[in-house]
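Now for the letters of each chain:
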Amino acid sequence: MNSRKVVYLFFTTLIIGSVSGAIVGFAFDYEMYVSEGAANLIVGVIWLLGMSAAFSLISQMGFFAYLTVHRFGLGLFKSHKLWNYVQIVIIAFVLFDLFYFRYIAFAEPGETMFGYMIIPALLLVYGLVVAYLKARDTNQSAFIPALFFIVVVTTIEWVPALTVNDTKWLWLYFTPLIVGNTWQLLILHRLSGQPTS
């Protein structure tokens, strides 16, 4: 992949992540942005775009870190099959931790675990869909790495927002991450001109 394609990947991910996060942030605080005039709206949108751009950059760092870790894992475990099993175990741990630790930290007395299981379940379903698309466009060996990236890497990138129980910040932070991660994962093989696993 040449430098022009790397620059394209960088800027498209930055723009897509920034816009998606700004849309979600604007939807959460619509009244606040439109109630105090045009200047407030412009400053608010610029702030949302900037915050979302920062989260989009985190998404890009996570993507390139995972590409390195994936190659390291393949070298360490000597086979796709064994490395995939390791990734499946890690996915299971991360999904469990995503609901259990938030439940322990934020549950009110008498509150059940069910509400805290929704986000991990939706993330898993989304990850399965994206992994299917990646495997369909490349090869079947890309399914588990794609699922791992969407579930595990996105969750790791999302940790700063997960430490607070604020719905707005959860989604403002999550949206650029998941959109950026999905875009990078699904566009990489088209840019490199060959299937990746």
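The structure displayed is predicted, hence computed values, not measured ones. (Residues numbered from 1 in each chain as written. Predicted model: local features only at pLDDT ≥ 70, side-chain atom pairs only at ≥ 80, totals over all residues. Heavy atoms only, no water.)

Here the focus is the confidence of the model for the protein. The predicted coordinates of low-pLDDT regions are not to be read in fine detail. With 98% of its residues at a pLDDT of 70 or more, the protein shows a mean pLDDT of 91. Within the protein, the element-level pLDDT minimum falls on helix α2 (residues 30–34), averaging 80, and the maximum on helix α6 (residues 143–162), averaging 95. (pLDDT = per-residue confidence, 0-100. Helix = DSSP H or I, 4+ residues; strand = E, 2+ residues; numbered from the N terminus.)

Mapped onto the secondary structure, Asn84 falls in helix α4 (residues 80–106). Discounting chain neighbours no more than four positions away, the residues touching Asn84 are Ser141, Ile144 and Pro145. (Contact = heavy atoms within 4.5 Å.)

It is worth spelling out the nonpolar core at this point. If you look at the biggest cluster of nonpolar residues, it comprises 36 residues, and the most contacted ones within it are Ile91, Leu123, Phe149, Ile150, Val151, Trp158 and Leu185. Beyond its immediate stretch of four places on either side in the chain, Leu185 contacts Phe63, Val130, Lys134, Ala146, Phe149 and Ile150. (Core = buried A, V, L, I, M, F, W, Y, C linked by side-chain atoms within 4.5 Å. Buried < 20%, exposed > 50% of the residue type's maximum accessible area, 1.4 Å probe, protein only.)

Now for the pattern of salt bridges. Oppositely charged side chains are able to pair whenever their charged atoms sit close together. Taken as a whole and judged by the stated rule, the model has three salt bridges. Across the pair Asp29 and Lys168 runs a salt bridge, and its minimum N-O distance is 3.0 Å. Placement of the pair is Asp29 in the loop between α1 (3–28) and α2 and Lys168 in helix α7 (residues 167–192), with a sequence separation of 139 residues. Looking at Asp29, the relative accessible area reads 18%, which means it is buried. When the shortest N-O distance is used, the salt bridge between Asp137 and Arg136 registers 3.5 Å. Residues participating in the shared-partner salt-bridge network are Arg136, Asp137 and Arg190. (Salt bridge = Lys/Arg side-chain N within 4 Å of Asp/Glu carboxyl O.)

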